[in-house]
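# Residue-level structure breakdown
Here's the letter readout for the chains.
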Amino acid sequence: MKETIYETFSPEETRALGKKLGETAQPGEIYTLNGDLGVGKTVFTQGIAEGLGITEAVSSPTFTIVQVYEDGRMPFYHFDVYRIGDIEEMDEIGYEDYFYGDGLCMIEWAGLIEEILPEKRHDVTIEKELERGFDYRRITIRER
Ligand code: ADP
Ligand code: MG
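Here is a short report on the structure shown in this document.

Definitions and cut-offs
- Residues numbered from 1 in each chain as written.
- Chains lettered and ligands numbered in written order.
- Predicted model: local features only at pLDDT ≥ 70, side-chain atom pairs only at ≥ 80, totals over all residues.
- Heavy atoms only, no water.
- Buried < 20%, exposed > 50% of the residue type's maximum accessible area, 1.4 Å probe, protein only.
- Helix = DSSP H or I, 4+ residues; strand = E, 2+ residues; numbered from the N terminus.
- Pairing = 2+ DSSP bridges.
- Near = heavy atom within 4 Å.
- Polar contact = N/O pair within 3.5 Å; in protein donor to acceptor, adjacent residues only side chain to side chain.
- Areas by Shrake-Rupley, 256 points an atom, 1.4 Å probe, with all protein chains shown as cover.

The next subject is the pairing of strand S5 (residues 104-108). With five of five residues buried, S5 is to be regarded as a mostly interior element. Both faces of S5 are covered, namely the face carrying Leu104, Met106 and Glu108 and the face carrying Cys105 and Ile107. Note that strand S2 (residues 30-34) and S5 share four bridges and pair parallel. Following the sheet pairing, Thr32 is matched in S5 by Ile107. With five bridges connecting them, strand S4 (residues 76-80) and S5 associate as parallel partners.

The structure is reproduced here in structure tokens:
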């Protein structure tokens, strides 16, 4: 398992890191995104979308499990499974077409659907460390 740690000191830097990943992402890749409320998951996701060439505004998919963006160089499937009650809801939306399709998947709260997560994926964790300043973020990416 390979682990890379990045440190950012502003939202712009976090967005730029996401953008770099979006620019080099390959179809079919899966990213999970973990971290507390307000840590920068949406900022990071907006960077990924920008890197994919998506011009549509990207926010958190609060009322739907998955938000689909089609106007980039590959489809972008942004999941937020926080409100999922039962894993069967994932079957109902046909998650396999997304997970094993030709787009980039980004899954927030992925721990709640651990049992159906593909083995091969990138786990992204964003953390604050207040001793390092209010805008400091440590972003760990584990390749599994
Ligand atoms: P989440 O989606 O994880 O709830 P958001 O991305 O919506 O969080 O919000 C992150 C907030 O933290 C924004 O207000 C952003 O400006 C601020 N922020 C401060 N420093 C950073 C940083 N280094 N990286 C990302 N966001 C930061
Ligand atoms: Mg968010």
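This is not the end of the story, as more comes after the structure.
Our focus in this paragraph is the environment of Gln67. Its location among the elements puts Gln67 in strand S3 (residues 66-69). Overall, the relative accessible area of 31% leaves Gln67 in the partly exposed class.

Residues in contact with ligand 1 amount to 15 residues; listed here are only the nearest, Thr14, Gly38, Lys41, Thr42 and Asp135. Thr8 is positioned with one of its side-chain polar atoms (N or O) 3.2 Å from a nitrogen atom of ligand 1. Between ligand 1 and Thr42 there is a distance of 2.9 Å, counted from an oxygen atom to a side-chain nitrogen or oxygen. Considering ligand 1 on its own, with 580 Å² of exposed area, one finds that the protein chains cover 74% of that surface.

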